[in-house]
Amino acid sequence: MPDQASHNDNNDDASSSLLKTAESLKQKGNRYFQTGRYEDAIRKYRQALRKLDQHDDDDDDWGTHRAKLHSNLAACHEMLNDPCQMEAAARDGLTADPQFVKG
């Protein structure tokens, strides 16, 4: 039977993998944003958020990652002249991390 330390190591590995995947998706979204492909960027940011949602711990670092992605979504919606979606994304970012100032 695995001990608690082994279980924690597996959780840390899974969390690290989720975070790396989410960060990779975010970077792809950033490249799309920089080239004006806002719809593609939105898809990548949402995929990254879904990855982060697989993490079941509500620690502050994960909230900050979510807030950054929501902020990026808000920027995309601003560029697409969609103020309602922009506001919703900004609010979601503040919900994820109330201390995130870029929201």
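Given the structure is predicted, the values throughout are model-derived calculations rather than measurements.

Thresholds, definitions, all that
Residues numbered from 1 in each chain as written. Predicted model: local features only at pLDDT ≥ 70, side-chain atom pairs only at ≥ 80, totals over all residues. Heavy atoms only, no water. Helix = DSSP H or I, 4+ residues; strand = E, 2+ residues; numbered from the N terminus. Buried < 20%, exposed > 50% of the residue type's maximum accessible area, 1.4 Å probe, protein only. Areas by Shrake-Rupley, 256 points an atom, 1.4 Å probe, with all protein chains shown as cover. Contact = heavy atoms within 4.5 Å. Core = buried A, V, L, I, M, F, W, Y, C linked by side-chain atoms within 4.5 Å. Phe/Tyr/Trp six-rings, centres within 6.5 Å; stacked < 30°, edge-to-face > 60°. Expected span 1.5 Å × (residues − 1). pLDDT = per-residue confidence, 0-100.

Considerations on the overall build of the protein chain
- For the protein chain, the helix and strand inventory stands at four helices and zero strands.
- Overall, the protein chain shows an N-to-C arrangement of helices and strands of α-α-α-α.
- Among the 103 residues that make up the protein chain, the fraction classed as buried is 33%.
- Surface summary for the protein chain: the accessible area is close to 6800 Å², and the carbon and sulfur share equals 46%.

Some thoughts on the environment of W62
- Following the sequence through the fold, W62 ends up in helix α3 (residues 60-79).
- A sequence separation of ten residues divides W62 from L52, and the C-alpha atoms of the two residues are 7.3 Å apart.

Some words on the environment of L80
- Here L80 lies in the loop between α3 and α4 (83-96).
- Through-space distance from the C-alpha of L80 to that of E39 is 8.5 Å; in sequence the pair is 41 residues apart.
- Contacts of L80, omitting those with residues within four sequence positions, involve Y38, E39 and I42.

Details of the nonpolar core
- In this structure, Y45, A48, L52, L69, L73 and C76 are the most contacted members of the largest nonpolar core, which totals 17 residues.
- Counting residues per element, the ones that place at least two in this core are α1 (4-34), α2 (38-53), α3 and α4.
- If one sorts the elements of this core by residue count, α2 sits on top with seven residues.
- Residues contacting Y45, with those up to four places away along its chain left out, are K26, G29, N30, F33, L69, N72, L73 and C76.

Brief notes about the packing of aromatic side chains
- Applying the stated criterion across every chain yields a total of one aromatic pair.
- Aromatic pair F33 and Y38: ring centres 5.2 Å apart, planes at 65 degrees, arrangement edge-to-face.
- Overall, the relative accessible area of 17% leaves Y38 in the buried class.

Examining α2
- With 16 residues, α2 extends 22 Å from end C-alpha to end C-alpha; this agrees with the ideal 22 Å at 1.5 Å per step.
- By the burial criterion, the buried members of α2 are Y38, D40, A41, I42, K44, Y45, A48, L49 and L52.

Digging into the confidence of the model for the protein chain
- When pLDDT is averaged along the protein chain, the result is 88; 83% of the residues meet or exceed 70.
- Per-residue pLDDT, averaged within each element of the protein chain, yields its smallest value for α1 (82) and its largest for α2 (97).

Regarding the side chain of N72
- Looking at the element boundaries, N72 is found in helix α3.
- With residues up to four places along the chain from it excluded, the contact list for N72 reads K26, N30 and Y45.

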